[in-house]
Amino acid sequence: SRIVLVVSDRPAALALDRAESHGIPTEVVSWTGDRDSFTRRVCDVVDSYGAESMVLAGFMRILGAEAIARFPHRIINVHPSLLPAFPGAHAVEAALEYGVKVAGATVHFVDERVDHGAIIDQRVVSVLAYDTAESLHRRIQEVEHEILPAAMEALAAGRLEVSDRRVTWR
């Protein structure tokens, strides 16, 4: 398996710089305010490079139903909480506000709902007494950087099976 393309909705993104430094093609698909049009353009670009799946990491846009239809069980996302707890854009802050003793990271398949799809992998991160949103998020990102590549490899190798929202690693 290999990364064939990095897509961003912003021309100034660290992911684009990193991809270019490794010789990976990049594309920018600008947000126009129309989710369906944006989704179609992202899917068309991904298809044009022959990609078989999509990985959303730091991609703070919600893709429309067309993406799920075109890439069924082939879009994965990483999220900085132990889903189903704390979905959405401010998960780390919400976890701290709630007073949890553990937080973590989740890799999941993307479905029609935000941060809802079948869970591929999760890892716990302890919340320390002195944690701020920034310090906890940094530790969660370290875990994300471990579980996301493993999930990507398993997806690319066809080792993930989904049945009734349950994911089995083969």
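In every chain, residue numbers begin from 1 and rise along the written sequence. Restriction of local features to residues with pLDDT of at least 70 applies here, the model being predicted, together with a cutoff of 80 or more for giving and counting side-chain atom pairs; totals for whole chains, interfaces and linings are based on all residues. The basis for every side-chain value is the complete set of heavy atoms in the structure, and neither hydrogens nor water enter the calculation.

A word on unusual backbone geometry
Here comes step 1: With omega at 15°, the peptide bond leading from Leu83 into Pro84 counts as cis.
Here comes step 2: You can see Pro84 is positioned in the loop between strand 4 (75-79) and helix 4 (91-98).
Here comes step 3: In the Ramachandran plot, Asp115 falls in the positive-phi region, its phi being about 50° despite a non-glycine side chain.
Here comes step 4: Along the chain, Asp115 falls in the loop between strand 5 (102-109) and strand 6 (119-126).
Here comes step 5: Phi is positive for Asp164, which is not a glycine, with a value near 50°.
Here comes step 6: Mapped onto the elements, Asp164 comes out in the loop between strand 7 (160-163) and strand 8 (166-169). We count a stretch as a helix when DSSP gives it H or I for four or more residues in a row; a strand needs E for two or more, and each element gets its number in order from the N terminus.

Things to note about the environment of Ala85
Here comes step 1: With respect to the helices and strands, Ala85 occurs in the loop between strand 4 and helix 4.
Here comes step 2: A relative accessible area of 32% places Ala85 in the partly exposed class.
Here comes step 3: Here the alpha-carbon distance between Ala85 and Val110, two residues 25 residues apart in the chain, equals 16 Å. Relative accessibility under 20% of the residue-type maximum defines a buried residue, over 50% an exposed one, and the middle range a partly exposed one, all with a 1.4 Å probe and only protein chains included.

Concerning the layout of surface pockets
Here comes step 1: A cavity here means a set of points on a 1 Å grid, drawn over the protein atoms and nothing else, where a 1.4 Å probe fits but cannot get out; a pocket is an open set with protein on both sides within 12 Å along at least five of seven lines, and a residue lines either one if it has an atom within 4 Å of a point. Grid points are joined across faces, edges and corners, and a volume is the space filled by probe spheres set on the points. Here the second largest pocket is characterised by a volume of approximately 160 Å³.
Here comes step 2: Lining the second largest pocket, in full, are Ile68, Pro72, His73, Phe109, Val110, Asp111, Glu112, Gly117, Ala118, Val162 and Arg165.
Here comes step 3: Residue classes in the lining of the second largest pocket are distributed as six nonpolar, two polar and three charged. Three classes are used, and their members are as follows: Ala, Val, Leu, Ile, Met, Phe, Trp, Tyr, Cys and Pro are nonpolar, Asp, Glu, Lys and Arg are charged, and the others, Gly among them, are polar.

A word on the nonpolar core
Here comes step 1: Throughout, nonpolar core names a set of buried Ala, Val, Leu, Ile, Met, Phe, Trp, Tyr and Cys residues whose side chains join them through atoms within 4.5 Å. Among the nonpolar cores identified, the biggest contains 24 residues, and Ile76, Val107, Phe109, Ile120, Leu136, Ile140 and Leu160 are the most heavily contacted of them.
Here comes step 2: Those elements that place two or more of their residues in this core are strand 4, helix 4, strand 5, strand 6 and helix 5 (133-156).
Here comes step 3: Examining the composition of this core, we find that nine residues originate from one element, helix 5, more than from any other.
Here comes step 4: When residues no more than four places from it in sequence are discounted, the contact partners of Phe109 are His73, Arg74, Ile75, Ile76, Gly117, Ala118, Ile120, Leu155, Leu160, Val162 and Val167.
Here comes step 5: Val4, Leu5, Val45 and Ile68 belong to the second largest nonpolar core, which has 18 residues in total. The contact criterion used throughout is that any non-hydrogen atoms of two residues lie within 4.5 Å.

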